[in-house]
Amino acid sequence: MRLILLGPPGAGKGTQAQRIVETHGIPQLSTGDMLRAAVAAQTEVGKRAKAVMDAGKLVSDEIVIAIVSERIDQPDCANGFILDGFPRTLVQADATEQMLAAKGLDLPTVIELKVDDEVLTERIAGRYTCANCGTGYHDDNLKPKVEGVCDKCGSTHFKRRPDDNRDTVVARLQTYYKETSPLIGYYYAKGKLQSVDGMADIDTVTADIEKILAKL
Ligand code: ADP
Ligand code: ADP
Ligand code: ZN
């Protein structure tokens, strides 16, 4: 099963991807996570990406395409994968198609999460993750069962992203509408688009996605 999760920052792509990983056993390929790892490791890519990410702009197509193309060659992607936050431009979308065609693979199913801007700002402002295992939480919408303790790994250390502040969110939303939202029409025209109401609560969104996956 190959999937693309498409939607603005804070739409719930990462949250739903983590659930699909657990239910379907395919890996989540988040370009945001991969780039943050490169920034933390201070690699050449990380050094180039950091300022761009902090400004809410997009890292170059060339860099992210190279990262993804290397990643999908790994053995754990043989039975499928979830692309979370990639492709984000039409150039990346064309590259994805070519990358998969070279492996004899069809285009993935694209699941679009639709969420209003006002809600996105609240979601991003309240977002944090476990510093140890990366499980995502929210100050109001998704708290750990025991306060201050990660449900999944028991860690008591959490982190917030430097770009999850109200100023950068505006820039990221602008970037989304300009560069990424054209992909909705692109995949619709290819008969690959499935849209889900991302305003619903987390479990309802998961159930709606599962209904789509059941038909694949
Ligand atoms: P994205 O990966 O699309 O940027 P996330 O999955 O990180 O978004 O979600 C952003 C924040 O909103 C997280 O803190 C998450 O817990 C919360 N969240 C995700 N989906 C929902 C939802 N359907 N309803 C309420 N809060 C949600
Ligand atoms: P979001 O919560 O906004 O969906 P991500 O974790 O997917 O955040 O991405 C964080 C940042 O990493 C983006 O604002 C952008 O700078 C960079 N990034 C992630 N994926 C891509 C991509 N496919 N192309 C270009 N830049 C990307
Ligand atoms: Zn954890």
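So, a few notes on the structure that sits alongside this text. (Residues numbered from 1 in each chain as written. Chains lettered and ligands numbered in written order. Predicted model: local features only at pLDDT ≥ 70, side-chain atom pairs only at ≥ 80, totals over all residues. Heavy atoms only, no water.)

### Details of the packing of aromatic side chains
With the rule as written, the count across this model stands at five aromatic pairs. Both rings, one in Y176 and one in Y177, keep their centres 5.2 Å apart while their planes meet at 80°; by these two values the pair is edge-to-face. A connected cluster of aromatic rings, assembled from ring pairs, spans Y128, Y137 and F158. Sitting over the face of the ring of Y186, K190 holds its NZ or CZ atom 5.0 Å from the ring centroid. (Phe/Tyr/Trp six-rings, centres within 6.5 Å; stacked < 30°, edge-to-face > 60°. Lys NZ or Arg CZ within 6 Å of the ring centre and 35° of its normal.)

### Here we look at the site of ligand 1
Around ligand 1, a shell composed of 19 residues is seen, among which G10, K13, T15, R127 and Y137 lie nearest. G10 is positioned with one of its backbone polar atoms (N or O) 2.8 Å from an oxygen atom of ligand 1. One of the backbone nitrogen or oxygen atoms of G12 is found 3.0 Å away from an oxygen atom of ligand 1. Contact with the protein chains hides 91% of the accessible area of ligand 1, taken as 570 Å² for the molecule alone. Listing elements by their share of the shell around ligand 1, those giving two or more residues are helix 1 (13-24), strand 6 (136-138) and helix 9 (202-214). Partitioned by chemical class, the residues of the shell around ligand 1 number eight nonpolar, seven polar and four charged. (Near = heavy atom within 4 Å. Polar contact = N/O pair within 3.5 Å; in protein donor to acceptor, adjacent residues only side chain to side chain. Areas by Shrake-Rupley, 256 points an atom, 1.4 Å probe, with all protein chains shown as cover. Helix = DSSP H or I, 4+ residues; strand = E, 2+ residues; numbered from the N terminus. Nonpolar A, V, L, I, M, F, W, Y, C, P; charged D, E, K, R; others polar.)

### Considerations on the nonpolar core
Among the nonpolar cores identified, the biggest contains 27 residues, and L35, V59, I72, F81, L83, F86 and Y187 are the most heavily contacted of them. For this core, the secondary structure elements donating two or more residues are strand 1 (2-6), helix 3 (44-54), helix 4 (61-71), strand 3 (81-84), helix 5 (90-102) and helix 8 (182-189). Residue contributions to this core peak at five residues, all from helix 4. If near-sequence neighbours (up to four positions away) are discounted, F81 is found in contact with M1, R2, L3, I26, P27, L29, I72 and L100. (Core = buried A, V, L, I, M, F, W, Y, C linked by side-chain atoms within 4.5 Å. Buried < 20%, exposed > 50% of the residue type's maximum accessible area, 1.4 Å probe, protein only. Contact = heavy atoms within 4.5 Å.)

### Things to note about the coordination of the zinc ion (ligand 3)
Within the protein, C130 (SG), C133 (SG), C150 (SG) and C153 (SG) serve as the donor atoms for the zinc ion (ligand 3), at 2.3 to 2.4 Å. Coordination geometry of the zinc ion (ligand 3): the four donor atoms subtend angles of 101 to 115° at the metal centre, consistent with an arrangement described as tetrahedral. Donor residues binding the zinc ion (ligand 3) come from one chain and are separated in sequence as C-x2-C-x16-C-x2-C. (Donors = N, O, S within 2.8 Å, 3.2 Å for Na, K, Ca; no water. Tetrahedral: all angles 85-135°; square planar, octahedral: opposite > 155°, others 65-115°.)

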